[in-house]
Amino acid sequence: MSNMSQQRRHIETILRYDGHRLNGKSALPPELIGRSWQRCINEYGLDPSRPRPARIVTQQTLLEHQDSVDELLNVARAGVEQLFTQIAGLGYVLLLSDYRGITVQFLGNKKDDDRLQKAGLYLGADWSEQYAGTCAVGTCIQEQQALTCHRTNHFDSSHIGLTCTAAPIKDPFGQLLAVLDISALNSSRSPDSQNFALHLTQLYARLIEDAYFLRRYRHSLIFKCDQSRELVQVNGQLLFALDEQGQVLAANTAGRRLLSQCQVIGQQCISLPTLLECQWRDILSITYESKDGIRAFRLTGTQQTLFGMLIEPTMNTPYQKHLSSNLTDTEESVPSLDCLCADDPAMRKTIRLAKHLRHRDMNLLILGDTGTGKEVLAQALHVSSNRSDKPFVAVNCAAIPESLIESELFGYAPGTFTGGRAKGAKGLIQQADGGSLFLDEIGDMPLHLQTRLLRVLAEGLVLPLGALQPIEVDIRVLAATHCDLLQRITDGRFREDLFYRLNGATLKLPTLNARADKQYLIQVLLKKINPDVRLRADAMSALLAYNWPGNIRQLKNALTFAEAVCAGDEITVQHLPEEFITHHQHLNQTLPEIQATTHYAAISKNLPQQAEQPSLLDLLQQHRWNVSSVARVLGVSRPTVYRRMVKQGVVQPKNW
Ligand SMILES: Nc1ncnc2c1ncn2[C@@H]1O[C@H](COP(=O)(O)OP(=O)(O)OP(=O)(O)O)[C@@H](O)[C@H]1O
């Protein structure tokens, strides 16, 4: 089809378009283009049958437009040049227009100068929608979003050979500053061919926008964050400029979007500590207290973790004074508590509270799902308290049969039971005298024992079964549960007064899935299991992607299993239990390690549900110390089993 007839057909298409339908064969234009066509006709009075020549403003007018965006032009220079070097070879030119659509910077190939100038791809060209009709720059200004205007998407029939892609550049308050555009005189007829151009233009528009943001707020503290710890330094997506109290002064486009999602954008003052559910000190101290200069935060009201870092102001500001006064109260280091986590916002709060309360005699309630480490935390609290030289006694209220729990806890006097010890027995409460009593699964304690426990806590006296005289005890109770105690109170299954006695303060443990320091826990647990084994990246990715219903206990089991199954000193994804392999897409069934794993998993399926995966010792015992048989199960050689026995200090008993 000749140029002239193409243009004629295009004019007819636009004239026939009524917002929804087109008569004839033409496909409907994208919605945003259709809206623009209607604006051109109804609002600007443009006539598709009267194509307009490119309008290039005078030198004086151009200077005025350039002056209005001078600061941006300085910041954008490097980004614009970099983008141009990437697209020039593909036949594109680059335009930067101001918010009124006047091209204030242009990069193109000199040899096409005449054709480009005629097409309006030139310095000083007016690409406003009001003058040029539907086009990438003008429509981007009107719609405030990135778009490609491909060939016949243009309104003016003289533009239908062009393909143009534009993305907005906004100021820190969301006002349009400029538009970045890449255009080609000729391009493929398929609109999809421009997808890559759209992504690239958006990427550079964001880089320029963020560079401008950093320049505008160079005298303020800036908080940069991202969903990935690894990427935050090189490509932090969200930027917040802060005043010395932690109030958000401005945010980049992604930051403003997040604020609006959290419905805090309408508020006069948005406080970053409120947004990230933390203290202002947690943000101020990132650079000083975190080894990699990054800290994990949880976005308010969500389970989403954001990794943040600080960009400090370039000059002395009031913020610096504020920083030093805030950091005088450096946090006490308590190794037994500190080692329970690395960088997780929920754990940070819990450990901070635990440090404050460790020497107090108040009873504590530890809440968390099964396997989240409630007992481990209780032990660490005891070890770090001034009761540490006295006993730590742990009782699982759900595991002891109801008929025994009373005598186990309270003890009994001589002659109380036929068949009991002649001298009677000290109960667990008495055994914990001076130290800490850990009552796990407190929600499962029978009601009548709750009444007796309440008396112990209120009076500091324990009355063994059958005894006449109570005995004085000094205990601190650390109680734990995974169930909702308030609901149990409502159901009449838990005493409210006991709840308040136990709940001097509540320490909450997050699920493993919600923790931002999973990688640390994986490394710590693996080191304990076998310090000579390392995890390959594929195994680490599979572990990080898993959802961990059984929390840290399940993680420990999975690592124990993988360590037992792996033949060398490296765990790969194939050595993980079956559920991880199913998760992992790149399973290669032919590898010998997989056969071993599958075989081993089949054995482990026969184990009781809650049992931990068998260790090498368990396996050897199950196979009556037949090393060849264990080697077959594990899919490794006999020498490897012997080597592991030496490494793990497993020795065959003499009588075998
Ligand atoms: N911070 C940690 N570092 C290393 N191992 C841990 C940590 N927390 C828990 N574990 C391990 O995870 C397993 C479960 O821990 P723990 O028994 O304390 O959990 P729990 O919440 O008390 O479980 P349950 O609700 O079933 O009683 C244990 O084997 C423990 O050693």
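The residue numbers shown here count from 1 along each chain, following its written sequence. Thresholds applied to this predicted model are a pLDDT of at least 70 for local features of residues and 80 or more for the giving and counting of side-chain atom pairs; totals over whole chains, interfaces and linings are not thresholded and use all residues. Computation of side-chain values covers all heavy atoms of the structure but excludes hydrogens and water.

Q: Got a minute to help me understand the pattern of salt bridges in this structure?
A: When the charged atoms of two side chains with opposite charge come close together, those side chains can pair. Every case where a carboxyl oxygen of Asp or Glu lies within 4 Å of a side-chain nitrogen of Lys or Arg is listed as a salt bridge. Applying the stated criterion to the full structure yields 28 salt bridges. One salt bridge connects Lys 355 with Asp 338, and the closest N-O pair in it is separated by 2.7 Å. Here Asp 338 lies in helix α15 (residues 335–338) and Lys 355 lies in helix α16 (residues 345–357), a separation of 17 residues in the sequence. Residue classification places Lys 355 among the buried positions, given a relative accessible area of 9%. Classification of residues uses two cut-offs on accessible area relative to the type maximum, computed with a 1.4 Å probe and protein chains only: under 20% is buried, over 50% is exposed, and between them is partly exposed. Residue classification places Asp 338 among the partly exposed residues on the basis of a relative accessible area of 27%. Runs of E in the DSSP output that reach at least two residues are strands. Runs of H or I that reach at least four are helices, and both are numbered from the N terminus.

Q: Would you take a moment to explain helix α25 (residues 551–565) for this structure?
A: Count 3.6 residues to each turn of an α-helix, and residues three or four apart come out pointing the same way. Expected span, for any helix, means 1.5 Å times one less than how many residues it has. In a regular helix each residue adds 1.5 Å, so 15 residues correspond to 21 Å; α25 covers 21 Å between its end C-alpha atoms and thus fits that length. With 13 of 15 residues buried, α25 is to be regarded as a mostly interior element.

Q: In this structure, what is going on with the packing of aromatic side chains? I would like to understand it.
A: One pair of aromatic rings is described through two measures. These are the centre distance and the angle between the planes. Only centres within 6.5 Å qualify two rings of Phe, Tyr or Trp (six-membered ring in Trp) as a pair; their planes then separate them into stacked at under 30 degrees, edge-to-face at over 60, and tilted for everything else. Counting across every chain of the model gives seven aromatic pairs. For the ring pair Phe 213 and Tyr 217, a centre distance of 5.3 Å and an interplane angle of 35 degrees mean the geometry is tilted. For Tyr 217, a relative accessible area of 12% puts it in the buried group. Relative to Tyr 500, the ring of Phe 499 has its centre 5.1 Å away and its plane inclined at 80 degrees; by these criteria the two rings are edge-to-face. Judged by relative accessible area, which is 8%, Phe 499 ranks as buried. Relative accessible area serves as the criterion here: at 53%, Tyr 500 is assigned to the exposed category.

Q: Could you clarify how one ought to interpret helix α3 (residues 59–68) in this entry?
A: Taken together, the buried positions of α3 are occupied by Leu 62, His 65 and Gln 66. Along the axis of α3, the buried residues cluster in a sector spanning 100 degrees; they form a single face. In α3, those exposed residues whose orientation departs by more than 90 degrees from the buried face are Gln 60 and Asp 67. Working rule for contacts: check all heavy atoms of both residues, and any pair within 4.5 Å makes them a contact. Close packing links the buried residues of α3 with α4 (70–87), β1 (92–98) and β2 (103–107). Arc definition: it is the arc formed by the directions from the helix axis to the C-beta atoms.

Q: Help me understand the sheet that holds strand β19 (residues 505–508) in this model?
A: For sheets, the rule is that strands pair by backbone hydrogen bonds, running either parallel or antiparallel. Two strands make a pair as long as DSSP finds a minimum of two bridges between them. Read across the open sheet, the five strands follow the order β12-β15-β18-β11-β19; overall the sheet is parallel. Edge strands, defined here as strands with exactly one partner in the open sheet, are β12 (392–396) and β19. This sheet shows a mean twist of 20 degrees between the axes of neighbouring strands, independent of strand direction. Judged from the five bridges that link them, β12 and strand β15 (residues 436–440) form a sheet pairing that is parallel. The partner of Phe 392 across the bridge, within β15, is Ser 436. Comment: axis = line fitted to C-alpha atoms, over the contacting stretch for helices; angle = value between 0 and 180 degrees taken between N-to-C directions.

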